[in-house]
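# Analysis of the macromolecular model
Single-letter residue listing:
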Amino acid sequence: MVLVILTLLSILMGSCGAGSTSSDSRTTDPSSLSPYEDTDPEEDPEDTSTFDPAEAGSLIIDQIATGEVSGADLPTVTYDIVKDVSSFVADPTQNNAGTLQISLPGLRLASSDEYLISSSYGGSVRLKGEDISASRLKGTLEPSAFMGRQGFPALDEGLLAFDLATTETSIDGTVSLQQGKIGDISELGLEAVYKLYKENSLWRGKMSGKMSRGKNWTSFEYDYDTPILTSLEAVPLDGSGNPTSGPLVDGGTVRVKLSVNSNAPVNWLNITWDSPTTNLSGGGSGITYQTLGQCSTTAFAQSSSTFCEHSRGFWTLWQDYVITAYQPSGVYTFQFSVKNAALLTSRTLKATVEAQNANSSAAKPVVEQVTMDAPSSLGNGLGGTVKLDILVSSTIPVNWLNLSLEGPTSNVFGGGSGTTFQECSSFTSGKPAICGSFGSGYWYKSYEYAASQYVENGTYQFNAISVASEANVTSDNYGSIPSFTVAGNTVPTTPVIDSGNVYTVANYGDDPLTLGALVTGTCLEAGSQPDPLIVALVLEVSNSNVPVNWLNRSFEGPTENLEGGGSGPSDVVDLGSGSYRVIQYHSVASPSFAPKGLYYYQNLTVVNEGNATSASFGGTSLGFQLKTSCP
């Protein structure tokens, strides 16, 4: 508890990490450390021996969050104070000669009236317990000669008071700090109100109040289900995969580690990765997770696409990012935030790493020539494959291609992706004609587009063709626009969505009609559902004389949109005579934590290979209720 209090005071002083690590100063459980991380030299492994880290409501003392005064995660520290105070338990084996022995994570305190709290970190703080019982925790803490663990200052002055009504499943009360002083920083204050409850072995609830540094008070209202991104580390690796303390020299791998505290599973990752000159990647996407007991013990020091819960409520993720020897020297910046199954988002943390590349180049690649081969079968209703050959001049390797294809009435596709260009000098046989006599410094790539016998008739044009080198320098768009014509294909009819239903299934790919349960218009009790809850949208489609191959959709939750956009469906079943069954799977992570209310599909349209689009379908009736209890 004392460590928690000092952590809180560190926050009020505005302490935060620097350098290549951004942190809330909540360190990790020792079991999560990679082989190349040093534990605190003052760490005493006995400090955690008095409690079970998987026990309800417990978090290892080293995981308690800190942050900036203005940070959205500030109130989580005050929650941890309440939680740790509430974990006082009498130790009957030590209760003799009028002494009450009480255990806390990493701390012990004794005596019947004035408790002297001591720790292996050194020093002490005096606790005056006015009422310490199973139903009430009331008292004050005053500073003494306590010195916290490395990085935490001593509390020189101030009075921290707590008055909490407690049961096995609830905490209701207040914690306050008056006239706190650390060094020359004074007037540190806290006024916090707690209404917490235990559900499914985890503490949940809300906290509100205000905190101050000097005369400036910051108000907060906090839902403890909000995830806390406690640290973000970016560590360069050498050629053997070992960490290096200095800059990354002439390319290599950067291993990024995220540490998160969250009651609910962490299942979404937002990323921004910037080089010294440009953005390298950005956006958000869903990510898988493994709960306590499911994770491999080797996962903590390897690149992974899975968040792992390795102690109750504490999650880690490791991911590797490659910086090539040709990219610019300077500082590379990683910015991450996460979202959990309760659809609550953490604040963003930042970490940096320096790269020193002797071979970096800012020279712009040039798309020298693009040739196209379009078969004659495209003109007589048989379809065919169109091939582009692309020749680029560049002093360094080329690894990115941008292009788009415009159809007769709409865009067919567009964008860019990483790909491999082969240097013309590397061909020992079968050298492409477009390479001609060119050798070193010229790069070749072929691209193919398969046009079926059902695509829309008319003229198609490739445009916005450009490339990027390994230095992340992009060429100008190629000037000439290759085009081809499709004729003789079936003129498509407009598909019609006749009906839709929602089913639950055990696994992705299960046939919802034979293996699923119809849930359209029903209520599902959250505590009885599997994690994740997998739902299958089934649409019955008619009047399409060519195959259906695209689904536009919007999956709505009680608080926000869960998925929107378009793609090929999970499955399409040809029922014959122009009828199709379109199936799309979705999942609701951790139903116990997921927002309660109506989940439904709207703005549904299907598109066939002839680019004919159905009318919109769906709405609030095409869904189900997820509730804590159902009528």
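That block above? That's the structure.
All values derive from a computational prediction rather than experimental measurement. (Residues numbered from 1 in each chain as written. Predicted model: local features only at pLDDT ≥ 70, side-chain atom pairs only at ≥ 80, totals over all residues. Heavy atoms only, no water.)

## Focus: the sheet that holds strand S34 (residues 548–556)
This is how it is decided: Strands were regarded as paired on the criterion that DSSP finds at least two bridges between them. The numbering of helices and of strands both runs from the N terminus, where a helix is a DSSP run of H or I of at least 4 residues and a strand a run of E of at least 2. To define axes, lines are fitted to C-alpha atoms, for helices over the stretch in contact only, and angles between the resulting N-to-C directions are given on a 0 to 180 degree scale.
Strands sit in the order S32-S39-S38-S34-S35 across an open sheet of five strands; the sheet is mixed. Two strands bound the open sheet, and with one partner strand each, they are strand S32 (523–525) and strand S35 (561–567). The mean angle between the axes of side-by-side strands here comes to 25°, regardless of whether they run parallel or antiparallel. Here S32 runs beside strand S39 (residues 617–627); their pairing, made up of three bridges, is parallel.

## Focus on unusual backbone geometry
The phi angle of most residues is negative, glycine excepted, and most peptide bonds adopt the trans form. This is how it is decided: Throughout, exposure labels follow a simple rule: accessible area from a 1.4 Å probe, protein chains only, divided by the maximum for the residue type, with under 20% read as buried, over 50% as exposed, and the rest as partly exposed.
With an omega of 0°, the peptide bond between Asp531 and Pro532 qualifies as cis. Tracing the sequence through the fold places Pro532 in the loop between S32 and strand S33 (533–542). Its identity as a non-glycine residue notwithstanding, Ser577 has a phi of 55°, on the positive side. When you line up the elements, Ser577 lands in the loop between strand S36 (571–576) and strand S37 (579–588). A relative accessible area of 83% places Ser577 in the exposed class. Phi angles above zero are rare outside glycine, and Asn603 is one such case at about 55°. Judged by its relative accessible area of 47%, Asn603 is partly exposed.

## Points about the nonpolar core
As a rule of thumb, nonpolar side chains are buried together in soluble globular proteins. Formally: What is meant by a nonpolar core is a set of buried Ala, Val, Leu, Ile, Met, Phe, Trp, Tyr and Cys residues, joined one to another through side-chain atoms within 4.5 Å.
With 32 residues, the main nonpolar core has Val256, Leu258, Phe307, Phe334 and Phe336 as its most contacted residues. Membership of the second largest hydrophobic core comes to 24 residues, among which are Phe555, Val582, Val588 and Ala594.

## Here's the deal with the pattern of salt bridges
Worth spelling out the cut-off: Salt bridge, as applied in this entry: a Lys or Arg side-chain nitrogen positioned within 4 Å of an Asp or Glu carboxyl oxygen.
The full count for this structure, using the stated rule, is seven salt bridges. Across the salt bridge formed by Asp389 and Lys387, the nearest N and O atoms sit 3.9 Å from each other. Looking at Asp389, the relative accessible area reads 15%, which means it is buried. By relative accessible area, Lys387 is classed as partly exposed at 31%.

## Section: the state of the cysteines
Basically, it comes down to this: Pairs of cysteine sulfur atoms within 2.5 Å are identified as disulfides in what follows.
For the coordinates displayed, the defined rule picks out two disulfides. Through a disulfide, Cys424 is tied to Cys435; the S-S separation comes to 2.1 Å. Residues Cys424 and Cys435 are joined by a disulfide whose S-S torsion is about -75°; by sign, that bridge is left-handed. With Cys424 in the loop between strand S26 (422–423) and strand S27 (442–451) and Cys435 in the loop between S26 and S27, this pair connects stretches of sequence that are 11 residues apart. Summarising the burial analysis for this pair, Cys424 and Cys435 share the class buried. The partner cysteine of Cys523 in its disulfide is Cys630, sulfur to sulfur 1.9 Å. Judged by the torsion about the S-S bond (-75°), the Cys523/Cys630 disulfide is left-handed. In this pair, Cys523 is assigned in strand S32 and Cys630 in the segment after S39, connecting sequence segments 107 residues apart.

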